[in-house]
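Below, each chain spelled out in residue letters.
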Amino acid sequence: MKKTSNSENLILQLFWNNKYQIACHEIYKRVREAYPNHWKDSSVAVFLMRMEEKELIRKAEIDGTKYWVSITQGQYSKNLLNSLLMKSENKTFDEILLGFIEDPEKHQAALDEIDAVLRKYEAVE
């Protein structure tokens, strides 16, 4: 997966939080509502074009231009995590996750929480 910008991530969130298929004019409207005074429509159009080139979204001319997301939030998160793991060659998964926690005193509590989530997930399967 090609790297995405923060702006592209925000637009992907709009797809995942609302609908997987959105009309072009609706995307502009939702961006203006979610991020007032943040971007012009022309900027959003550039982000959409880049996202289409990265195959994150697709578009079709059906009663006007409609876009739909090509990747689920779960797939996107998995790809992001895999790219992070690839960059962290000699680190364990726990070390990578703990790297997001600034206070070392909270590391054990975080590990316990991760372990609890994994046990809960295994119990469901």
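Shown above is the structure to which this text applies.
Residues numbered from 1 in each chain as written. Predicted model: local features only at pLDDT ≥ 70, side-chain atom pairs only at ≥ 80, totals over all residues. Heavy atoms only, no water.

Draft legend 1. Looking closely at the packing of aromatic side chains. Evaluated as defined, the whole model comprises three aromatic pairs. For the pair W16 and Y76, a centre-to-centre distance of 5.4 Å together with 50° between the ring planes defines the contact as tilted. Residue W16 is found in helix α1 (residues 6-17), and its partner Y76 is found in helix α4 (residues 73-87); the two are separated by 60 residues along the sequence. Neither W16 nor Y76 differs from the other in exposure class; each is buried. Chaining the aromatic ring pairs together yields one cluster made of Y35, W39 and F47. (Phe/Tyr/Trp six-rings, centres within 6.5 Å; stacked < 30°, edge-to-face > 60°. Helix = DSSP H or I, 4+ residues; strand = E, 2+ residues; numbered from the N terminus. Buried < 20%, exposed > 50% of the residue type's maximum accessible area, 1.4 Å probe, protein only.)

Draft legend 2. Structural context of the pattern of salt bridges. Under the defined criterion, the tally for this structure stands at three salt bridges. Among the ionic pairs, K54 bridges to E8, the shortest N-O distance being 2.7 Å. With K54 in the loop between α3 (41-53) and β2 (57-61) and E8 in helix α1, this pair connects stretches of sequence that are 46 residues apart. Judged by relative accessible area, which is 24%, K54 ranks as partly exposed. Across the salt bridge formed by D41 and R32, the nearest N and O atoms sit 2.8 Å from each other. (Salt bridge = Lys/Arg side-chain N within 4 Å of Asp/Glu carboxyl O.)

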